[in-house]
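# Fold and contact review
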Amino acid sequence: MSEKEKLFSIVGSEYVLSNPEVLEEYSKDHSFTPQRKPDLVVKPKNPEEVQKIVRWANATNTPLIPVSSGPPHFRGDTIPRMGGVVVDLSRMNKIEWINRKNKIACVEPGVTFAQLQPELKKEGLKLPAPLLPRSTKSVIGSFLEREPVLTPRYQWDVSDPLRCVEVVFGNGELLRSGEASGPGTIEQQRSIGGAQIWPEGPHQVGYHRIIQGAQGTMGIVTWASLKCETLPKVQKLFFVPAQEVESLFSLVYRLLKVNYGDEILILNNLDLACLLGSDAADIEERSEILPPWTLIFCLAGYDRYPEERVAYQENYVKDIAQQFGLELKMSLPGAGESKVLEALSGTKDPYWKLLPKGECEDIFFITTLDRTPPFIQTMYEVASRLSYPTGNIGVYLEPMVQGTSCHCEFDLFYEPSQKEKVQELSNLVSCALMAKGAFFSRPYGAWSDMVYSQSAEYTAALRKVKGIFDPQGVMNPGKLCF
């Protein structure tokens, strides 16, 4: 029996794909990562099939590249660096369990935001989500990559809202982390009130932290439990326009300190226009009339006295805003409350970052909110030096983990013909930002060399961990420092 026939016996011949057109789709994305076709694409249906595929890969020394989200892809982490087999998890798209009492949802890796959000709404729940994900984006994929969520008040740890996971490590062993590890089966745990909430363990090891941010180099997650939040009965959205981004920080810190506001974020005029616009012309028109910077936050009322809750919070925030010389608005030219609320709670196709120019390169890192202005200035200075229009740069600032840190993101919108120029800009400005203290916690592509070359001890430790969980090195080789 050939190696390909062995895969047939695991998942069925119809789910082992070798058509050149199909392989071409998996060979490239919107990043600067060099194109390379996989040898095959395999689509398992359950954890047992995933485990058999990983063991087959170890026996044949075949690289495996896990993919859970649908296109478009942007970061190069799903392109086969050394060939091999793409493990497409889109068939594993079951919402296994939604528990309203404990506010937990258990889902498979193929479940998307567009699929999960309506089901949670039926149960009076919502999922802390990143900024307007595409409809094909895997929920588990997003949280494994630690994409920032819009609700920092609910984020107590950088790993939130990810809880327990079931993962097949690169050595072929299956592990359930945290509360899901036992005692008893998952069904037995749930029968006595267990809900797979606590993520640490077995023992005191945070196995979910090993696979978060690993770009598929440690194993394949086959399901995960996610911490949800109560769906508000009443929502009221506010805009705070500003000419200088620094003037918004005091209000943001005060909101976080008193725990007011669910969604909180800062956008420049271009990124806000992209969220709301329907095409390039619409985006350009909106960006010209929007203020340079806008703080957006949403006050929410829940099951008990929702209107009263929102009313007293609104009065407080208005008083504080006046003290800081800021004005709360219910709408802005080119941005209305209902349109923005929709953008903060849904998905959008075509993906909003591709609308202005057809391509987009993201540069993102972690810092603190008060330290972002020098980074923004550096971004603009390097762009101007390379004659890249600063008006084509979107900026998104998202407080994280109760506001103790901040996701700082620059979105470089460009036409396909400008790819080489933008790649040069991305490399130069990334080095400049890192030199000023930007923490690239998710080192995709060229960032990996920049990050790991500066930390020999950490790199050595990470390779030891890799040797434990993926001794044959079959999981997505060529990514990170492997």
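For the structure itself, look to the data block above.
Before going further, it helps to examine the environment of Phe-239. Mapped onto the elements of the fold, Phe-239 is located in strand E12 (residues 234-242). Since its relative accessible area comes to 0%, Phe-239 is described here as buried. Residues Phe-239 and Leu-328, spaced 89 residues apart in sequence, show a C-alpha to C-alpha distance of 5.8 Å.

Bringing unusual backbone geometry into the picture now. For the bond from Gly-201 to Pro-202, the omega torsion is 5°, close enough to zero to count as cis. Residue Pro-350 is bonded to the preceding Asp-349 through a cis peptide linkage, with omega at -5°. Tracing the backbone through its elements, the reader meets Pro-350 in the loop between helix H12 (337-345) and strand E15 (359-367). Phi at His-203 takes a positive value of approximately 60°, unusual for a residue other than glycine. Position of His-203 among the secondary structure elements: in the loop between helix H6 (186-191) and helix H7 (207-211). Residue Gln-402 is not a glycine yet carries a positive backbone phi of 60°. Relative to the assigned elements, Gln-402 resides in the loop between strand E16 (393-400) and strand E17 (405-414).

Here we take up the packing of helix H1 (residues 3-11) against helix H3 (residues 47-60). At a closest axis distance of 10 Å, the pairing of H1 and H3 adopts a crossing angle of 165°. Judged by the inter-axis angle, H1 sits roughly antiparallel to H3. Crossing handedness for the pair H1 and H3: right-handed. Seen from H1, the contacting residues are Glu-3, Lys-6, Leu-7, Ile-10 and Val-11; seen from H3, they are Glu-49, Lys-52, Ile-53, Trp-56 and Thr-60. Looking at the contact of H1 with H3, its residues break down into 5 nonpolar, 1 polar and 4 charged.

The next thing to look at is the nonpolar core. Ranked by size, the top nonpolar core spans 52 residues in total, and within it Leu-251, Ile-266, Leu-295, Phe-297, Leu-397, Phe-410 and Leu-433 carry the most contacts. Setting aside chain neighbours within four positions, we find Leu-295 in contact with Phe-238, Phe-239, Val-240, Leu-248, Leu-251, Val-252, Ile-264, Leu-265 and Ile-266.

Here the focus is the pairing of strand E6 (residues 104-107). Burial of the side chains of E6 extends over both faces: Ile-104 and Cys-106 are buried on one face and Ala-105 and Val-107 on the other. Pairing of strand E5 (residues 95-99) with E6, which is carried by 4 bridges, proceeds in the antiparallel orientation. Bridge assignment links Ile-95 to a residue of E6, and that residue is Val-107. Hairpin geometry of E5 and E6 is characterised by an intervening segment of 4 residues between the two adjacent antiparallel strands and by a positive phi of about 55° at Lys-103.

Another aspect to go through is the side chain of Ser-31. Looking at the element boundaries, Ser-31 is found in the loop between helix H2 (20-25) and strand E2 (40-42). Judged by its relative accessible area of 6%, Ser-31 is buried. At 2.6 Å, the side chain of Ser-31 forms a polar contact with the side chain of Asp-29. A distance of 3.4 Å separates the side chain of Ser-31 from the backbone nitrogen of Gly-76, its partner in a polar contact. Look past the residues within four positions of Ser-31 in its chain and what remains in contact with it is Phe-74, Arg-75, Gly-76, Ile-79 and Lys-419.

The rules behind each value
- Residues numbered from 1 in each chain as written.
- Predicted model: local features only at pLDDT ≥ 70, side-chain atom pairs only at ≥ 80, totals over all residues.
- Heavy atoms only, no water.
- Helix = DSSP H or I, 4+ residues; strand = E, 2+ residues; numbered from the N terminus.
- Buried < 20%, exposed > 50% of the residue type's maximum accessible area, 1.4 Å probe, protein only.
- Axes fitted to C-alpha atoms, helices over the stretch in contact; angles between N-to-C directions.
- Parallel < 35°, antiparallel > 145°, perpendicular 65-115°, else oblique.
- Left-handed = near helix turned anticlockwise from the far one by under 90°.
- Contact = heavy atoms within 4.5 Å.
- Nonpolar A, V, L, I, M, F, W, Y, C, P; charged D, E, K, R; others polar.
- Core = buried A, V, L, I, M, F, W, Y, C linked by side-chain atoms within 4.5 Å.
- Pairing = 2+ DSSP bridges.
- Polar contact = N/O pair within 3.5 Å; in protein donor to acceptor, adjacent residues only side chain to side chain.

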